[in-house]
Amino acid sequence: MIMQVSNLTKTFTVSGKKQIAVDKVNLSIKRGECLGLIGESGSGKSTTANLIAGLLKPDWGSIVFNSSEFVKASAKDLRIARKEMQMVFQNPQESFNPRMKLIGAISEPLIYQKKYKKSEIEQLVYGTLERVGLKGEYAAKYAWEISGGECQRAAIARAIIGNPKLILCDEITSALDVSVQAQIISLLYQLKEETDMSFLFISHDLAIVSSICDKVAVMYKGQIMESGDTLSLINNPLHPYTRDLIFNAAKPGEKRIEKVSDCNGMINGCKYYEFCNISEKQCRENPPEEVNMNGHIICCSKCSHSNLPLALS
Ligand SMILES: Nc1ncnc2c1ncn2[C@@H]1O[C@H](COP(=O)(O)OP(=O)(O)O)[C@@H](O)[C@H]1O
Ligand SMILES: [Mg+2]
């Protein structure tokens, strides 16, 4: 296991009110595996990635990365561990310094590693640009001079150049045209096949997630409602929320209608209670139980082995 997150919890205080953004999340990623994290906007996906990357501090919980506990690590250990973890964001142009040429930006992770000569770094940058499908001449360009798709390729180059163990991809195709999205996904797929890097792939697009991820976790109001192998989860979603997400998925060009709730997530029971078509009074009051069916995990007290909600038949 390259990364294991347990009980990860983060609250934010907004206008004096505590709101829970990530609620006792458990996730694990094996070496070479791509884990998809899906859920609608505001469900806590980015906060989870930022906690894993060490950009935010959790209220509690544990993040074991590369066999070391991340949450209680010293600043020095954290710096060392971070070299093995890279992040790619939704807006590539914003993630580059506008005054720095790509060669400088892409080589940054190597400069921190302090083990290469200048000429070696240059060669590595050119080689990595080629790996992500960009010509060497892009090294001398600025991020604002190139297209969004090219810039996302450059961001991927910067992420992979130091050969990290884990890459966190947060909605990396959401700001791109559909045709460019497909190219970026196929690049990522190729990297996944060629290397033993692991990926946390965050998206609200189910089709994209199912095309690249080995496993998927479904997030709703800060909690993982269901997780499992991609095929098992997509073909046989069992949690009422996942079923809603999959069966009511928006058609291309449409926006999925999201159900808005007044509750800020600080409740004991199931957070999907008010929209669930199989909920009972106890679901509101008691924390949902976790049902594990050969690694397909459903967080629902009513989804016991004998009483699954209308499992696809
Ligand atoms: N820095 C912050 N301060 C206050 N609330 C935040 C902050 N970051 C995120 N949140 C809240 O946490 C919840 C989860 O946000 P986020 O992780 O960005 O969701 P997602 O990436 O799934 O859209 C949202 O309700 C959001 O408003
Ligand atoms: Mg987000």
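Here goes a summary of the coordinates provided. (Residues numbered from 1 in each chain as written. Chains lettered and ligands numbered in written order. Predicted model: local features only at pLDDT ≥ 70, side-chain atom pairs only at ≥ 80, totals over all residues. Heavy atoms only, no water.)

**Considerations on the pattern of salt bridges**
At step 1: Tallied over the full model, the rule gives 10 salt bridges.
At step 2: Of the charged contacts in the structure, one is a salt bridge between E84 and K165, with a shortest N-O distance of 3.5 Å. Placement of E84 in the loop between α2 (75–82) and β6 (85–88) and of K165 in the loop between α5 (148–160) and β7 (166–170) is noted, with a sequence separation of 81 residues between them.
At step 3: Residue E280 pairs with K302 through a salt bridge whose shortest N-O separation is 3.3 Å. Of this pair, E280 sits in the loop between α9 (240–247) and α10 (281–285) while K302 is found in the segment after β12 (296–299), placing the two residues 22 residues apart along the sequence.
At step 4: The class of E280 is partly exposed, set by a relative accessible area of 37%. (Salt bridge = Lys/Arg side-chain N within 4 Å of Asp/Glu carboxyl O. Helix = DSSP H or I, 4+ residues; strand = E, 2+ residues; numbered from the N terminus. Buried < 20%, exposed > 50% of the residue type's maximum accessible area, 1.4 Å probe, protein only.)

**Examining the environment of S62**
At step 1: Topologically, S62 is positioned in strand β4 (residues 60–65).
At step 2: Apart from the residues lying within four places of it in its own chain, the contact partners of S62 are Q4, V5, S6, E69 and V71.
At step 3: Of the polar contacts made by the side chain of S62, one reaches the side chain of E69; its length is 2.8 Å. (Contact = heavy atoms within 4.5 Å. Polar contact = N/O pair within 3.5 Å; in protein donor to acceptor, adjacent residues only side chain to side chain.)

**Quick word on the packing of helix α3 (residues 102–113) against helix α4 (residues 118–131)**
At step 1: Two elements in contact, α3 and α4, have axes separated by 10 Å at closest approach and are oriented at 115°. Between α3 and α4 the crossing geometry is right-handed. Mapping the contact onto sequence places I103, I106, S107, L110 and I111 in α3 and I121, E122, L124, V125, Y126 and L129 in α4.
At step 2: Partitioning the contact of α3 with α4 into residue classes produces 9 nonpolar, 1 polar and 1 charged. (Axes fitted to C-alpha atoms, helices over the stretch in contact; angles between N-to-C directions. Left-handed = near helix turned anticlockwise from the far one by under 90°. Nonpolar A, V, L, I, M, F, W, Y, C, P; charged D, E, K, R; others polar.)

**Here we look at the packing of aromatic side chains**
Geometrically, a pair of aromatic rings is defined through the distance of the ring centres and the angle of the planes.
At step 1: Evaluated as defined, the whole model comprises 6 aromatic pairs.
At step 2: The interplanar angle of 10° and the centroid separation of 5.3 Å between the aromatic rings of Y142 and W144 together place this pair among those described as stacked.
At step 3: Aromatic pair Y220 and Y272: ring centres 5.3 Å apart, planes at 90°, arrangement edge-to-face. In this pair, Y220 is assigned in strand β9 (residues 215–220) and Y272 in the loop between α9 and α10, connecting sequence segments 52 residues apart.
At step 4: Residue classification places Y220 among the buried positions, given a relative accessible area of 3%.
At step 5: An aromatic cluster of three or more residues is present, and its members are Y220, Y241, Y272 and F275.
At step 6: A cation over a ring is seen here: K141 above Y138, with NZ or CZ 5.3 Å from the ring centre.
At step 7: Its guanidinium or amino end placed over the ring of F96, R158 lies 4.1 Å from that ring's centre, counting from NZ or CZ. (Phe/Tyr/Trp six-rings, centres within 6.5 Å; stacked < 30°, edge-to-face > 60°. Lys NZ or Arg CZ within 6 Å of the ring centre and 35° of its normal.)

**As for unusual backbone geometry**
At step 1: Unlike most non-glycine residues, E171 shows phi in positive territory, near 50°.
At step 2: Relative to the elements of secondary structure, E171 occurs in the loop between β7 and α6 (178–194).
At step 3: For E171, a relative accessible area of 9% translates into the label buried.
At step 4: Of note in the backbone geometry, K221 takes a positive phi value of approximately 45° without being a glycine.
At step 5: Inspection of the secondary structure assignment puts K221 in the loop between β9 and β10 (223–229).
At step 6: On the basis of relative accessibility, which here comes to 17%, the residue K221 falls in the buried class.

**Regarding the side chain of T173**
At step 1: The residue T173 is located in the loop between β7 and α6 in this model.
At step 2: With a relative accessible area of 4%, T173 lands in the buried category.

**A short note on the sheet that holds β12**
At step 1: If you walk across this open sheet you meet the 8 strands as β6-β7-β8-β3-β9-β10-β12-β11, and the pairing is mixed. Either end of the sheet is taken by a strand with one partner, and the two such strands are β6 and β11 (290–293). Put simply, the sheet's adjacent strands are angled 15° from each other on average, direction ignored.
At step 2: Those strands touched by α9 are β3 (34–38), β9 and β10, and its axis lies near 105° from that of β9. (Pairing = 2+ DSSP bridges.)

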